[in-house]
Amino acid sequence: PGRPRAMEAQALLAWLDKHHLTADVAAVSLFAATCYRNWFWRLVCIGASQAAFHLLPGAAPPSPAVSWALAAVMMLLPPLKLLDHFKDQPEKGCVFVTGADSGMGEATVLALIDRGYDVIYAGCFAPESGDRLRAKVRSQGSDVTKLVPVKIDVTSDESVALAAASVEGDLKRRRPPVGLIGVINCAGMGFNGPAEYFPIDMYKRQMDVNFFGYVRVTQAMMPLVREATADPAARRGRIVFIGTGGGILSPSPPLLTAYMASKWATEAFCRSMRVEMQLRKLPIDLCVVNPGFVKPTNLMQEGLKLNARMWQACADKLGSNIAQDEYGSLLEKFIKYSAEQPGTHVSEVAKAMVRALKAGRPVNSYKVGPDSKAAPIVGSLPVTVSEWILKKSMFNDTGAF
């Protein structure tokens, strides 16, 4: 029995002696891939490995089957946790989540309640949402004592200040002491409408909820997060925002000027503040979770109501129905396209939130759903090409150049 094994070992050693450079390239490529969590840079590593196989003298290119197998392993290998950046943070402390009335915020609360965090503060706009959340927490068999609903209107300075004071008071009463280590901004809304007629008041409302609301909550909660992370032995703090699509590289769909402006403003705020924390050497990380079409949420149902309000506001402003006459059919096509998309289940957004809180250092953007991952690729194409794809896929029309 020992002889076949010895022969196999000799054959392997002989192959390695002949193809050691090929084996070295494969080993270095695998190691390089585990230094990245981003799929794009892993693809770059795969391309570099193939180039090395063909360009380095003495390196024999592997067969297509082996090349594909190596590429698959490089994409799927988990990151090596040799550096603090890749070592998971402990799931402890408290987390505040806005937009917990429904959709992504609610799903995030229901996911986090089963993790190791001490308290999940559920920021709700509607008073009845707290009782509904408690019922859902009980129905999934989770510890309802870890849930603390907090009334908040993210468009009101006073309401946000009261919410922060409520969280601070609750934290001080708890024994043993716990701190606020995470803030997740999920509150949001979405207006549609033609840019040339869209009422300024609705632009302001959109920004007030989706951008200024995030800024208000972040600024109000930051003192508590800084306090919780002041001890060098404490885990790192986390501020998370909801973006959209593939982020700032995405093509911007027509009729969504207000919504996309609010989301791209959020990305700019997040990326700037993220670097500010790094330069100040503060252990607080910021990131964005970018979902594509997500279902089920209230965005579609509420969006139809907002559309009716938008058309009426345009008519009041213009004294006629010219806005709806010119753009109504385009909006109907967009609504139909949105309704037909299968979408990614809202629980996938919650899973991304869990990863963002737990990561040693979160990536700048967590893409959720295949459309979210594809959007920045399309957005990186020449503008005329990306716009053609956008118009053809959403409206089945290329318009005029």
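Whatever comes next refers back to the structure up there.
Described below are features of the structure shown in this document. (Residues numbered from 1 in each chain as written. Predicted model: local features only at pLDDT ≥ 70, side-chain atom pairs only at ≥ 80, totals over all residues. Heavy atoms only, no water.)

1. A look at the overall build of the protein chain
Within the protein chain, the secondary structure is distributed over 14 helices and nine strands. Overall, the protein chain is about 90 × 65 × 45 Å in size when its C-alpha atoms are taken along their principal axes. The buried share among the 401 residues of the protein chain stands at 46%. Within the protein chain, counting contacts between residues at least 6 apart in sequence, those at least 24 apart form 76% of the total. In the form shown here, the protein chain has an accessible surface area of approximately 20,400 Å², with 62% of it arising from carbon and sulfur atoms. One way to put it: in the protein chain the 45 positive side-chain charges average out to a point 6 Å from where the 36 negative ones average out. (Helix = DSSP H or I, 4+ residues; strand = E, 2+ residues; numbered from the N terminus. Buried < 20%, exposed > 50% of the residue type's maximum accessible area, 1.4 Å probe, protein only. Contact = heavy atoms within 4.5 Å. Areas by Shrake-Rupley, 256 points an atom, 1.4 Å probe, with all protein chains shown as cover. Lys, Arg positive; Asp, Glu negative; His and termini not counted. Charge placed at Lys NZ, Arg CZ, Asp CG, Glu CD.)

2. What to know about the packing of aromatic side chains
Under the defined criterion, the tally for this structure stands at ten aromatic pairs. Between the aromatic rings of F40 and W41, the centroid separation amounts to 5.2 Å while the plane-to-plane angle is 80°, which identifies the pairing as edge-to-face. Here F191 and F198 contribute two aromatic rings whose centre-to-centre distance is 6.0 Å and whose plane-to-plane angle is 70°, an arrangement assigned as edge-to-face. Note on F198: relative accessible area 3%, which makes it buried. (Phe/Tyr/Trp six-rings, centres within 6.5 Å; stacked < 30°, edge-to-face > 60°.)

3. Describing the sheet that holds strand β2 (residues 119-124)
Pairing in this open sheet of seven strands is parallel, and the strands run β3-β2-β1-β4-β5-β6-β9 from one edge to the other. Each having just a single partner strand, β3 (147-151) and β9 (365-368) make up the two edges of the open sheet. Averaged over all pairs of adjacent strands, the angle between their axes in this sheet comes to 20°, without regard to strand direction. Judged from the four bridges that link them, strand β4 (residues 180-185) and strand β5 (residues 237-242) form a sheet pairing that is parallel. Directly across from I184, in β5, lies its bridge partner V240. Sitting on the sheet, helix α8 (residues 200-228) is in contact with β1 (94-97), β4, β5 and β6 (284-291), with an inclination near 165° to β4. The strands that helix α12 (residues 346-358) touches are β1, β4, β5, β6 and β9; relative to β5, the one it contacts most, it runs at about 150°. (Pairing = 2+ DSSP bridges. Axes fitted to C-alpha atoms, helices over the stretch in contact; angles between N-to-C directions.)

4. Looking at a nonpolar patch on the surface
On the surface, Y36, W39, F40, W41, L43, V44, M75, L76 and I377 cluster together to form a nonpolar patch covering roughly 850 Å² of accessible area. When residues of the nonpolar patch are traced back to their parent elements, those giving at least two are α3 (39-55) and α4 (64-76). The greatest single-element share of the nonpolar patch, amounting to five residues, is contributed by α3. As for its placement among the helices and strands, I377 is situated in helix α13 (residues 370-379). Judged by relative accessible area, I377 falls into the partly exposed class, the value being 46%. (Patch = residues over 30% accessible without salt bridge, like charges linked within 9 Å, V, L, I, M, F, W, Y side chains within 5 Å. Salt bridge = Lys/Arg side-chain N within 4 Å of Asp/Glu carboxyl O.)

5. A few points about the pattern of salt bridges
Two side chains bearing opposite charge may form a pair once their charged atoms approach each other closely. Tallied over the entire structure, the rule returns 13 salt bridges. Residues K136 and E106 are paired through a salt bridge, measuring 2.9 Å at the closest nitrogen-oxygen approach. Of this pair, K136 sits in helix α6 (residues 129-139) while E106 is found in helix α5 (residues 103-112), placing the two residues 30 residues apart along the sequence. One salt bridge in this structure joins D170 and R174, with 2.7 Å as the shortest N-O distance. Each of D157, D208 and R216 takes part in salt bridges that share partners, so that together they form one network.

6. Here we look at the pairing of β2
The two faces of a sheet get side chains in turn, since along a regular strand they alternate between them. Most of β2 is tucked away, with six of its six residues classed as buried. On β2, burial covers both faces: V119, Y121 and G123 on one face and I120, A122 and C124 on the other are all buried. Note: β1 against β2, four bridges, orientation parallel. Within β2, the residue paired with V97 across the bridge is A122. Where the polypeptide runs from β1 across α5 and back to β2, its parallel neighbour, the crossover connection is right-handed. With five bridges joining them, β2 and β3 adopt parallel strand pairing. Among the inter-strand pairings, C124 is bridged to a residue of β3, identified as K151. What joins β2 to β3 is α6, and the crossover it makes is right-handed. (Right-handed = clockwise from strand over helix to strand, strands pointing away.)

7. Re the side chain of S49
With respect to the secondary-structure elements, S49 resides in helix α3. Its relative accessible area of 1% is what places S49 among the buried residues.

8. Some words on α4
Taking 1.5 Å per residue, 13 residues should reach 18 Å; α4 reaches 18 Å between its end C-alpha atoms and fits that length. Of all the residues in α4, the buried ones are S67, L70, A71 and M74. Each buried residue of α4 lies within a common arc of 100° when the element is viewed along its axis, so the set occupies one face. Seen from the open side of α4, the exposed residues pointing more than 90 degrees away from its buried face are A65, W68 and L76. As for α4, its buried residues are in contact with α2 (20-33) and α3. (Expected span 1.5 Å × (residues − 1). Arc of directions from axis to C-beta.)

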